[in-house]
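Spelled out, the chains give:
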Amino acid sequence: MERTLSIIKPDGVARGIIGEIIKRLEDNKIKIIAMKMLRMTKAQAEGFYAVHIERPFFESLTDFMTSGPVVAMVLEGENVIEKYRELMGATDYKEAAEGTIRKDFATDIEKNVVHGSDSPETAAFEIGYFFNSFEITD
Ligand code: CMP
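Residues numbered from 1 in each chain as written. Predicted model: local features only at pLDDT ≥ 70, side-chain atom pairs only at ≥ 80, totals over all residues. Heavy atoms only, no water.

**Re the site of the ligand**
So, point 1. Contacts to the ligand come from K9, Y49, H52, F57, L61, T91, R102, I109, E110, N112 and H115.
So, point 2. Between Y49 and the ligand, the recorded distance is 2.6 Å, taken from a side-chain N or O atom to an oxygen atom.
So, point 3. Contact between the ligand and H115: an oxygen atom at 2.9 Å from a side-chain N or O atom of the residue.
So, point 4. Contact with the protein chains covers 80% of the free accessible surface of the ligand, which is 460 Å². (Near = heavy atom within 4 Å. Polar contact = N/O pair within 3.5 Å; in protein donor to acceptor, adjacent residues only side chain to side chain. Areas by Shrake-Rupley, 256 points an atom, 1.4 Å probe, with all protein chains shown as cover.)

Following this line, the structure appears as structure tokens:
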């Protein structure tokens, strides 16, 4: 069993597609074991994306991620990291496969609607960043 962190980013929340994204998770038998809506501070977004601190898009990305509320979820299942990444599609929506969340909804490489952890190590860090053990229902 694996766990991963999913975030519906401010663009996804603002456009009213929280339900659509959750429906895709449920249709694909991905189990949600924790969920909350919150608005990150700049410092929280910088901490979350600390691995990207040297990247030219860091400032813009952390501004975007604090521009409105997000929905954070913990997903659980066999191979769920890879399975959710397939559902999301490529970071750059122009390269994302047909039928993926980013292909269908993203408008920009940065405003790409959703985030998902990219490895078990990253998932452990990211889940702990957003949720404590009392908030995870499994
Ligand atoms: P995410 O999967 O959350 O991981 C890092 C984020 O940085 C990514 O989604 C995009 O929102 C953003 N990002 C990645 N590459 C670029 C880029 N080349 N330009 C702007 N933003 C980017």
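**Here we look at helix α4 (residues 58-65)**
So, point 1. All of the buried residues along α4 are F58, L61, T62, F64 and M65. All buried residues of α4 fall inside an arc of 160° around its axis, so they share one side.
So, point 2. Among the structural elements, β1 (2-8), α1 (10-14), α3 (42-48) and β3 (70-77) are those in contact with the buried residues of α4. (Buried < 20%, exposed > 50% of the residue type's maximum accessible area, 1.4 Å probe, protein only. Helix = DSSP H or I, 4+ residues; strand = E, 2+ residues; numbered from the N terminus. Arc of directions from axis to C-beta. Contact = heavy atoms within 4.5 Å.)

**Topic: the environment of V113**
So, point 1. By the secondary structure assignment, V113 is in the loop between α6 (101-105) and β4 (114-116).
So, point 2. Separated by 96 residues in sequence, V113 and I17 have C-alpha atoms that sit 9.1 Å apart.

**Details of the packing of aromatic side chains**
Aromatic ring pairs are reported here in terms of the distance separating the ring centres and the angle at which the planes meet.
So, point 1. Under the criterion given, the structure shown has five aromatic pairs.
So, point 2. Measuring from centroid to centroid gives 5.8 Å for Y129 and F130, while their planes differ by 65°, and the two rings are edge-to-face.
So, point 3. Among the residues examined, Y129 registers a relative accessible area of 31% and is labelled partly exposed.
So, point 4. Judged by its relative accessible area of 8%, F130 falls in the buried class. (Phe/Tyr/Trp six-rings, centres within 6.5 Å; stacked < 30°, edge-to-face > 60°.)

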